[in-house]
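Structural overview
So you can see what is in the structure, the chains are spelled out below.
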Amino acid sequence: MIKLAPSILSANFAELLADCKKAQDAGCEYLHLDVMDGHYVPNITFGPAVIKSLRKDIDMVFDAHLMITDPDAYMDALADAGCDIVTVHQEACTHLHRTIQNIKSHGMKAGVVLNPATPVETIKHVLCDVDMVLLMSVNPGFGGQAFIPETINKIKELKSMIDERGLEIDIEVDGGVKASNIKEVVDAGANIIVGGSSIFGHDDINKAVEDLRNAAQGK
């Protein structure tokens, strides 16, 4: 069974808590939190204070995706904000293994993110240390982009690498996944799907979530 992770980047920030509650009530398991600093990516979103304000009212897995240049500097604040899992970009970490250790030392699960042009093999030496790998199926920084088709082969490659080692690691995919392509993404091996406009872009979030789940099963 797949798990859905609505990205609040596509929510109505004037009604952020209400939108998050709608996603929770619709049965979504994760809340995807895109933290951007305007340096690693050309956009600025929100930080630990906003995450902490949502935590007390939302009972979902808080999935913080850090698109920032110095992720280690924020681990104390993210742990205090109530994040359950923190994913960091392989491309942004000078010492990736140390950063993974830092995340776990704060009691959070650790994930690694790969941009579309970054090969899966670049994380083979830390694969046994992570709980999740997030594959970007768009270039990071902005919502609403089109899915990059080559991601399908990348998911398959990563899934094969995980299975060959007998590891239990979630594969999350972020960017342009919608009802028309979610089955292909899931069939390739992904089990956590980030949805931005495909969830929050609809007036009826319950229907949007139902449509995604049905499409993932080929219904």
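Numbers given to residues run from 1 along each chain, matching the order in which its sequence is written. Side-chain atom pairs in this predicted model are given and counted only at pLDDT of 80 or more, local residue features only at pLDDT of at least 70, and totals for whole chains, interfaces and linings cover all residues. In computing side-chain properties, one takes all heavy atoms of the structure into account and sets aside hydrogens as well as water.

Taking an unreviewed UniProt entry as the reference, the chain is identified by name as Ribulose-phosphate 3-epimerase belonging to Peptostreptococcus anaerobius 653-L. As stated in UniProt under Catalytic activity (unreviewed entry), the record for the chain gives "D-ribulose 5-phosphate = D-xylulose 5-phosphate". Quoted verbatim from the Pathway (unreviewed entry) field of UniProt, the annotation for the chain is "Carbohydrate degradation." UniProt positions are given in the numbering used here, feature names are shortened, and annotations may be inferred rather than shown by experiment.

Remarks on the UniProt feature "binding site: substrate" (unreviewed entry) in the chain
Listed under "binding site: substrate" (unreviewed entry) in the UniProt record, and renumbered for this structure, are Ser-7, His-65, Gly-141, Phe-142, Gly-143, Gly-144, Asp-174, Gly-175, Gly-176, Gly-196 and Ser-197. As for its position among the elements, Ser-7 is in the loop between β1 (3–6) and α1 (16–25). The cut-offs for exposure are 20% and 50% of the maximum accessible area for each residue type, with area from a 1.4 Å probe on protein chains only; residues under the lower value are buried, those over the upper are exposed, and the others partly exposed. Residue classification places Ser-7 among the buried positions, given a relative accessible area of 4%. Here, residues are in contact when the closest pair of their heavy atoms is within 4.5 Å. Leave out the neighbours within four places in its chain, and Ser-7 touches His-32, Asp-34, Val-194, Gly-195, Gly-196 and Phe-200. Think of it this way: any DSSP run of H or I at least four residues long counts as a helix, any run of E at least two long counts as a strand, and we number them from the N terminus.

Concerning the packing of aromatic side chains
Centres within 6.5 Å are what make two rings of Phe, Tyr or Trp a pair, Trp counting through its six-membered ring; a difference in plane orientation under 30 degrees is then read as stacked, over 60 as edge-to-face, and the rest as tilted. For the coordinates displayed, the defined rule picks out one aromatic pair. An angle of 40° between the planes, with centres 6.1 Å apart, marks the rings of Phe-13 and Phe-46 as tilted. On the criterion of sequence distance, the pair formed by Phe-13 in the loop between β1 and α1 and Phe-46 in the loop between β2 (30–36) and α2 (48–55) is long-range, its members being 33 residues apart. For Phe-46, a relative accessible area of 9% gives the class buried. Sitting over the face of the ring of Phe-62, Arg-55 holds its NZ or CZ atom 3.7 Å from the ring centroid. Put simply, a charge is over a ring when the Lys NZ or the Arg CZ is close to the ring centre, within 6 Å, and near the line of the ring normal, within 35 degrees.

Concerning the state of the cysteines
Two cysteine sulfur atoms make up a disulfide if the distance between them is within 2.5 Å. All chains considered together, the criterion is met by zero disulfides. The cysteine Cys-83 is free of any disulfide, with Cys-20 supplying the nearest cysteine sulfur at 13 Å. Cys-128 takes part in no disulfide bond, and the closest cysteine sulfur to it belongs to Cys-93, at a distance of 16 Å. A relative accessible area of 53% places Cys-128 in the exposed class.

Some details on the pattern of salt bridges
What makes a salt bridge here is a side-chain nitrogen of Lys or Arg within 4 Å of a carboxyl oxygen of Asp or Glu, nothing more. Under the counting rule described, the total for this entry stands at six salt bridges. Residues Arg-213 and Glu-29 are paired through a salt bridge, measuring 3.1 Å at the closest nitrogen-oxygen approach. Note that Arg-213 is positioned in helix α8 (residues 205–216) and Glu-29 in the loop between α1 and β2, a separation of 184 residues in sequence. Among the residues examined, Glu-29 registers a relative accessible area of 25% and is labelled partly exposed.

Considering the pairing of strand β6 (residues 132–136)
On a regular strand, one side chain projects to one face of the sheet and the next to the other, so that they alternate. When you tally the buried positions in β6, you get five out of five residues, the bulk of the element. Burial of β6 is two-sided: the residues Met-132, Leu-134 and Met-136 facing one way and the residues Val-133 and Leu-135 facing the other way are all buried. For two strands to pair, DSSP has to find at least two bridges joining them. The sheet contact formed by β6 and strand β7 (residues 170–174) spans five bridges and is parallel. Paired with Leu-135 across the two strands is Val-173, which belongs to β7.

Quick notes on the UniProt feature "active site" (unreviewed entry) in the chain
With numbering matched to this structure, UniProt assigns "active site" (unreviewed entry) to Asp-34 and Asp-174. In three dimensions, the annotated residues from a span of 141 residues occupy one location, with a maximal C-alpha spread of 10.5 Å. Locating Asp-34 in the fold gives a position in strand β2. For Asp-34, the residues in contact, after removing those within four places along its chain, are Ser-7, Leu-9, Thr-45, Phe-46, His-65, Met-67 and Asp-174. Examined against the element boundaries, Asp-174 turns out to sit in strand β7. Taking relative accessible area as the criterion, Asp-174 reaches 10% and is therefore assigned buried.

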